[in-house]
Structure formats: C-alpha cells, structure tokens
Amino acid sequence: MTIGENAPVQVNGGLAVETDGLTKAYGPLLAVDHLDLRVERGEIFGFLGPNGAGKTTTMRMLLGLVRPTAGSARMLDMDVAAQLPAILARTGSIIENPTFYPYLSGRDNLRMLARVTGVDDDRIPPLLDLVDLAGAARRKFKTYSLGMKQRLAVAAALLTGPDLLILDEPANGLDPAGIVEMRELMHRLKDEGRTVVVSSHVLHEIEQVCDRIMILVHGKVVVQGRVHDLLGRDRRILVRIDRAGEAEALLARIPWIEDVQREGNELRLAAPLERSAEINALLARQELYAAEIKAEEQSLEQYFLDVTEAGAS
Amino acid sequence: MSHLLAAEWLKLRYRWMPRVIVLIMLLIMALIMWGISTSNQRPNVLLPRSLILALFFASAFAPFLWPVLGGSWAGNEYGWGTVRLILSRRPNRVQWIAAALLILVAVAFLALIASLVVGAIAGLIVKGLTGEATGSLQDPYAWIVVKSFLGAWYVLIFYLVLAYSLGTIFRSGAVGIGLGIGITVAELIVFGIFNGLGGTWRDIADHFPYAYTQALPNRLVREGTTSSFADIPSHSPSAVASVIGIAIYLAILLGATMLVVTRRDVTS
C-alpha cells in the first residue's frame with residue numbers, strides 16, 4: 001500500500017517547515033523563544049527537548065492550534081497564518097496523547113475523520129491493516145490499550161496521504177515490536193518522499209531514524225544539525241595506551257588533532273577517523289604502542305543529557 | 001461545511017444520549033397527557049389539540065433536558081481532547097461550531113416530530129377509550145400547530161445553544177450542563193422574588209430568558225386549547241416580544257462563543 005492516495009511527492013530540496021523568530025509567550029513565561037526551524041523536504045527531523053521545552057507548543061503553532069505571539073511559520077511553501085486550510089489538507093499529525101471519540105469504534109473514528117477531511121472511506125481498511133488494527137476495528141475506542149490508541153492515531157495521521165507528518169511522541173505506549181514497526185513506517189514515509197517531524201523521548205529510536213535533530217531547552221534552540229555530525233561519528237577517536245601521559249603530550253602537538261583529553265589510560269581525540277592509522281604510526285615511532293584505537297561512539301542519549309544540562313545551566 | 005456536517009451526523013448516529021433525552025421527554029409527556037385525560041381538561045388531549053399540547057410540553061421540559069445534550073456536545077470535545085483532533089485537520093473554527101449547532105438543531109427538530117407522534121397517538125387513544133369526537137387538522141388548528149412547532153423548536157434551540165455556549169466557553173461538559181440548568185433554576189428563584197416585589201422588579205423579571213421561553217409556548221398553546229388550560233399573566237411578554245427577546249439572548253450567546261473559540265488557543 002502506498003501511504004498517500006496521491007502519488008508520492010517529489011523531493012526537490014527546499015523546506016517543508018520554516019519558522020522565523022517563532023515565539024509563544026504565556027504571560028511572563030516564554031514557552032517558545034524566537035525559534036528558527038528549518039526542516040528540509042523528504043527528511044526525518046527529530047525535535048527533542050526535556051519536558052516543558054516547547055516542543056508541543058511549537059507543533060501546535062505549526063498546526064494552527066496555538067497562535068504565535070511573534071514570528072512566522074511556513075509549511076510546504078505556504079504561510080501558516082494565511083493558508084492554514086491548504087497546509088493542513090497536506091499534513092498529518094499526532095499531538096500529545098491520541099484523542100478520539102470514546103463511544104465510536106476505531107473504524108468509525110476514522111470514518112468520521114474521513115468526512116472531516118473529505119477523504120473516501122476506501123482509504124480506511126488498508127490503513128487499519130497497516131497499523132495492525134483490522135481485527136479490533138469495530139471495538140470502541142475506549143476499550144483500546146494505549147498502544148492500540150497510538151496506532152489508531154498513526155492511521156488517522158496517514159488518512160489523507162499527507163506530504164508532511166508532525167508526530168508528537170508517536171512511540172508512546174507502543175511495545176518493542178510496535179516501536180520497530182513505527183521506525184520502519186517512518187523510513188517508508190521518507191522513501192516515498194514525505195517529510196516527518198517527530199518528537200520523542202525514545203532517543204535510541206530518534207538516533208536510528210532521524211536525519212537531523214534540533215534540541216530545545218526552555219523554548220530556545222541549543223543545537224541543531226545532522227545526527228551524524230552532532231555525535232561526531234567521524235571525528236572522535238578513542239586511544240587506549242599504557243603511557244598515556246607521553247602519548248597525550250605527543251598528540252597535542254599535532255596540528256590536525258583538535259583536542260586531546262586524557263582519562264586514566266584512555267585518550268579521547270577530536271580528529272578524522274580515517275587518520276587513525278597515522279596516529280598509530282606516530283605513536284609507534286616514539287615506541288608508544290596503543291592497545292586499542294577505535295571510533296568513539298557517543299550515544300544520542302548521552303549527547304542529549306550533556307546538551308540539555310549545559311543549556312539549562 | 002458539508003464535510004463537517006457529515007462528520008457531526010456520524011457522531012450523532014452512534015451517540016445514545018440524544019435518544020435517551022428524547023425518550024425521557026416523550027415518556028414524561030405521555031404520562032402528563034394520560035393524567036390530563038382523566039381530568040376536566042380531557043378535550044385538550046383529543047386531536048388536533050393533543051398535537052399542540054405535545055409541543056407545549058416539549059417546550060416546558062426544555063430548560064431541564066436540552067442543556068444536557070448541548071453542554072455535553074460542546075464540553076466533551078474539550079474533555080476528550082477531540083477539539084484538537086478536528087481543528088488540526090479543519091481549522092475553520094466558526095464552521096466547526098456552526099456544524100455542531102446545526103446538528104443539534106436537527107435533533108431538536110426530530111424530537112418535536114416524535115412529540116407530534118406521541119400527541120397524535122395520545123389523541124387517538126383518548127378518542128378510542130372515551131368515544132369523544134375529534135376535530136380535523138384544518139384552520140385554525142393547522143396554522144396553530146405550525147406556529148407551536150416553530151415556537152417549541154425555537155425554545156429547544158435556545159436551551160441547546162445556552163448549554164453549548166457555556167460548555168464551550170468553560171471547556172467542560174459538566175459546567176455546560178450544570179450552568180445550563182442552573183441558570184434556569186436561579187432565574188426561577190429570582191423571577192419569583194421579583195414578581196413578588198412587583199413594579200419595576202417584575203418588569204425586569206419579564207425580560208429574563210426563562211420568561212420569554214415560557215411566554216412563547218404559553219401564548220401559542222392558549223390559541224389552540226380550551227381557554228382554561230393555560231393561564232397567562234397580563235404582563236407576560238407577547239409572542240412577538242418573546243421571539244425578539246430570545247433572538248437577542250441567542251445572538252449574545254453565539255457571539256460570545258464565536259469570539260472565544262476563534263481567539264483562544266487550543267491547549268486541551
């Protein structure tokens with residue numbers, strides 16, 4: 001099944017979401033503080049931050065649920081303030097916990113939304129299959145487990161075959177198999193040329209699916225960029241060596257090694273990974289023999305904690 | 001707009017509350033008509049007067065029944081969080097409110113049709129049991145029935161809108177229902193006090209929504225029933241004044257609702 005009823009959108013660069021100085025204040029509290037967000041078409045963009053960082057408020061502003069105090073937003077090359085109906089017709093969303101009419105079945109909730117959005121009912125059965133709810137489609141929503149509710153919300157978000165998906169905690173309540181399916185679904189959406197903006201506290205998943213991320217703290221952007229670059233995957237090297245002090249002194253003099261940090265018999269270098277062999281040779285020439293030289297892998301979780309703690313302070 | 005109406009209609013079809021409210025209304029109506037049929041007011045339960053009587057009772061119960069539907073229809077959208085489900089897909093908030101209200105207006109219409117059926121059945125049963133002659137639905141009764149129907153519909157709509165507005169403004173079904181009914185109870189108390197005080201106080205009380213929503217059906221039922229059925233105080237608002245008074249209250253309620261809904265952030 002193709003997620004969209006229309007042909008998959010063309011990925012021709014450009015921005016799917018663009019905000020300039022987007023701000024939301026609730027009295028003296030700045031929930032979102034001059035946010036400049038750029039989401040490229042066809043990418044999976046992770047929107048991260050601790051609770052209360054302003055992620056959901058930003059998503060609500062993009063969807064027209066909350067009015068910005070200042071700034072502007074564009075989605076799919078249209079102005080959110082002026083062309084919201086046209087934008088929402090091409091956007092699917094899940095905001096916070098999944099909400100539906102409790103007295104309607106899963107299928108009837110989708111039928112109701114199909115009427116709201118002007119979509120044909122024929123779209124519903126394949127979507128229920130896709131989210132593995134076909135067997136429970138006639139059960140009332142109020143009898144669903146959290147995972148089932150979340151899957152129904154995913155089906156609802158995909159109902160119009162949107163070009164852009166804004167998903168707030170889509171993995172919330174899903175079991176491990178459901179989380180894997182969600183990851184595969186997002187990859188599939190990307191392969192079809194759709195753009196996904198996702199917020200989640202399951203950082204391991206974000207690390208696996210997102211091309212780029214943004215981290216918000218207290219409504220402000222503290223970092224944004226490619227996951228690969230931010231985690232320094234190609235430029236952080238770990239050297240384990242017995243005479244670490246001598247090795248540190250030697251490597252600190254090498255111009256293309258940007259930073260050397262010693263901790264016990266371990267050295268952490270900021271240097272291109274492809275020059276690992278060169279580093280080994282330099283050490284060996286001074287009769288310093290490394291027990292191990294490898295790429296240092298920093299997890300997004302650790303990076304997130306470092307960044308948010310620094311941002312908060 | 002038609003898409004939203006279709007969605008509201010689907011919601012209505014699967015909701016039990018409107019049916020329960022209509023059933024309660026019809027049941028009470030039938031019991032009261034049965035009681036009247038055993039009194040000296042029995043001619044009013046014969047056709048075609050029984051139709052007018054049924055519509056009158058539908059109006060009389062309205063302040064205590066229809067706020068339940070209006071308040072919950074609006075407030076539950078906030079309680080369940082479905083307001084963001086809809087508005088994140090169809091952002092036109094005025095259309096969203098209008099579609100919901102139109103569906104409620106349609107429910108009130110259907111409830112009054114059912115009331116007419118109950119009135120007709122009651123009339124036929126009383127005729128069958130007593131053998132008393134019934135009249136025909138010709139002038140002046142046809143026109144009185146039409147006027148009574150429209151008047152009752154208007155009163156039902158007022159109480160639906162009252163509770164819907166309160167449920168929306170306070171984002172709570174419980175508040176919508178509670179205030180929707182509570183306002184009428186408060187009015188009844190103050191109305192009694194002001195009437196007792198007389199003079200200007202009584203004139204003020206005659207402009208209460210309850211005064212208008214009771215005066216309108218009272219005036220209409222008086223036209224179609226025996227003269228002893230409905231006793232109307234001379235200072236009570238006329239039918240025309242009631243229609244205008246209710247319209248002003250409706251305009252205020254709808255204006256406040258639209259203003260709040262279009263300006264407020266959806267944070268539910």
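Residues numbered from 1 in each chain as written. Chains lettered and ligands numbered in written order. Predicted model: local features only at pLDDT ≥ 70, side-chain atom pairs only at ≥ 80, totals over all residues. Heavy atoms only, no water.

J.: Describe the interface of chain B and chain A, naming the residues involved and giving the relevant values.
T.: On the side of chain A, 31 residues touch chain B, which itself brings 29 residues to the contact. The junction of chain B with chain A conceals about 2,800 Å² of combined surface from both sides, 59% of it contributed by carbon and sulfur atoms. Applying the counting rule to chain B against chain A returns one salt bridge. Residues B:D265 and A:K24 are paired through a salt bridge, measuring 2.7 Å at the closest nitrogen-oxygen approach. Taken together, the links from chain B to chain A amount to 18 residue pairs in polar contact (both at pLDDT 80 or more). At the level of secondary structure, the elements contributing two or more residues to the side of chain B that touches chain A comprise α1 (2-13), α4 (82-87) and α10 (239-263) of chain B. Tallied by class, the residues present in the side of chain B that touches chain A amount to 11 nonpolar, seven polar and 11 charged. (Contact = heavy atoms within 4.5 Å. Buried area = accessible area lost by both parts, 1.4 Å probe. Salt bridge = Lys/Arg side-chain N within 4 Å of Asp/Glu carboxyl O. Polar contact = N/O pair within 3.5 Å; in protein donor to acceptor, adjacent residues only side chain to side chain. Helix = DSSP H or I, 4+ residues; strand = E, 2+ residues; numbered from the N terminus. Nonpolar A, V, L, I, M, F, W, Y, C, P; charged D, E, K, R; others polar.)

J.: Any chance you could break down the pattern of salt bridges for me, citing the residues and the numbers?
T.: Residue and element names in this part refer to chain A. One pass over the structure, following the stated rule, counts 23 salt bridges over all chains. As a salt-bridge pair, D108 and R107 come within 3.8 Å of each other at their nearest N and O atoms. Among the salt bridges present, the one from R194 reaches E192, with a minimum N-O distance of 3.0 Å. The class of E192 is buried, set by a relative accessible area of 13%. (Buried < 20%, exposed > 50% of the residue type's maximum accessible area, 1.4 Å probe, protein only.)

J.: For the environment of A:S72, give the residues involved together with the corresponding values.
T.: Residues and elements named next belong to chain A. One can find S72 in strand β5 (residues 70-75). Separated by 164 residues in sequence, S72 and R236 place their C-alpha atoms 38 Å apart. Discounting chain neighbours no more than four positions away, the residues touching S72 are E18, T19, D20 and L22.

J.: Residues and numbers for a negative patch on the surface, please.
T.: Taken together, the side chains of A:D129, A:D132, A:D175, A:E181 and A:E184 define an acidic patch exposed on the protein surface. Its place among the elements puts A:D132 in the loop between α4 (124-130) and α5 (146-158). (Patch = residues over 30% accessible without salt bridge, like charges linked within 9 Å, V, L, I, M, F, W, Y side chains within 5 Å. Areas by Shrake-Rupley, 256 points an atom, 1.4 Å probe, with all protein chains shown as cover. Lys, Arg positive; Asp, Glu negative; His and termini not counted. Charge placed at Lys NZ, Arg CZ, Asp CG, Glu CD.)

J.: Tell me what's going on with the pairing of strand β1 (residues 15-26) of chain A, and back it up with residues and numbers.
T.: All names here are of chain A. Two elements, β1 and strand β3 (residues 38-40), share three bridges in a ladder whose sense is antiparallel. When the bridges of β3 are listed, V17 appears paired with V39. Of the strand pairs in this sheet, β1 and β5 are connected by five bridges, and their pairing is antiparallel. Its bridge partner being in β5, T23 is matched across the sheet by A70. Pairing of β1 with strand β2 (residues 29-35), which is carried by four bridges, proceeds in the antiparallel orientation. Counterpart to K24 in the pairing with β2 is V32. Here β1 hands over to β2 after two residues, with G27 in that stretch at a positive phi of 65°. (Pairing = 2+ DSSP bridges.)

J.: Tell me about the sheet that holds strand β11 (residues 220-226) of chain A, and please be specific about residues and values.
T.: All names here are of chain A. Taken together, six strands build an open sheet; the order of strands is β7-β8-β9-β4-β10-β11 and the sheet is mixed. At either end of the open sheet lies a strand with only one pairing partner, and these are β7 (91-94) and β11. With strand direction ignored, the average angle separating the axes of adjacent strands in the sheet is 15°. The pairing of strand β4 (residues 44-48) with strand β10 (residues 212-217) spans four bridges and is classified as parallel. Looking at the pairing, G46 lines up with I213 of β10. Packing of helix α1 (residues 55-62) onto the sheet brings it into contact with β4, β8 (164-168), β9 (195-199) and β10, and relative to β8 it is tilted by some 150°. Contacting β7 and β8, α5 runs over the sheet at an angle of about 165° to β7. (Axes fitted to C-alpha atoms, helices over the stretch in contact; angles between N-to-C directions.)

J.: Got a sec to walk through the packing of helix α6 (residues 141-169) of chain B against α10(B)? Specific residues and values, please.
T.: All names here are of chain B. For the pair α6 and α10, interaxial distance at closest approach is 9 Å and the crossing angle is 25°. Here α10 runs roughly parallel to α6, going by the angle between their axes. Two packed elements cross with a definite hand, and for α6 against α10 that hand is left-handed. For the pair α6 and α10, the contacting residues are Y154, I157, F158, V161, L162, S165, T168 and I169 in the first and V243, I246, A247, Y249, L250, L253, L254, A256, T257, V260 and V261 in the second. A per-class count over the contact of α6 with α10 returns 16 nonpolar, three polar and no charged. (Parallel < 35°, antiparallel > 145°, perpendicular 65-115°, else oblique. Left-handed = near helix turned anticlockwise from the far one by under 90°.)

J.: With reference to specific residues and values, describe the sheet that holds strand β15 (residues 290-295) of chain A.
T.: Residues and elements named next belong to chain A. Strands sit in the order β13-β14-β12-β15 across an open sheet of four strands; the sheet is antiparallel. Each edge of the open sheet is held by one strand with a lone partner, namely β13 (259-263) and β15. Each adjacent strand pair in this sheet contributes to an overall mean axis angle of 20°, direction not counted. Inspection of the sheet shows β13 paired to strand β14 (residues 266-270) by five bridges, in the antiparallel sense. Among the inter-strand pairings, V260 is bridged to a residue of β14, identified as L269. Along the sheet face, helix α9 (residues 244-252) touches β12 (236-241), β13 and β14 and points at about 175° away from the line of β13.

J.: Go over the side chain of A:D168, please, and point to the residues and values.
T.: All names here are of chain A. Topologically, D168 is positioned in strand β8. Of the side chains with opposite charge, K55 comes closest to the buried, unpaired D168, at an N-O distance of 6.4 Å. Polar side-chain contacts of D168 include one of 3.2 Å to the backbone nitrogen of E96. If near-sequence neighbours (up to four positions away) are discounted, D168 is found in contact with T56, M59, I94, I95, E96 and S199.

J.: Quick one: what's the story with a nonpolar patch on the surface, residue by residue and with numbers?
T.: All names here are of chain B. A grouping of W9, F109, L110, I113, V117, I121, I125 and L129 is seen on the molecular surface, where their side chains present a nonpolar patch of about 750 Å² in accessible area. Broken down by element, the residue count for the nonpolar patch peaks at seven residues, all from helix α5 (residues 93-130). Considering the arrangement of structural elements, one finds L110 in helix α5.

J.: Provide a residue-level description of unusual backbone geometry, including the pertinent values.
T.: With an omega of 0°, the peptide bond running from B:L47 to B:P48 counts as cis. On the secondary structure map, B:P48 appears in the loop between α2 (17-37) and α3 (49-79). Residues other than glycine seldom take positive phi values, yet A:H34 does so here, at roughly 50°. Mapped onto the fold, A:H34 is located in strand β2. Even without a glycine there, the phi angle at A:E96 is positive, about 55°. Following the sequence through the fold, A:E96 ends up in the loop between β7 and α3 (106-117).

Remember, this is a structural readout, not a statement about activity or role.
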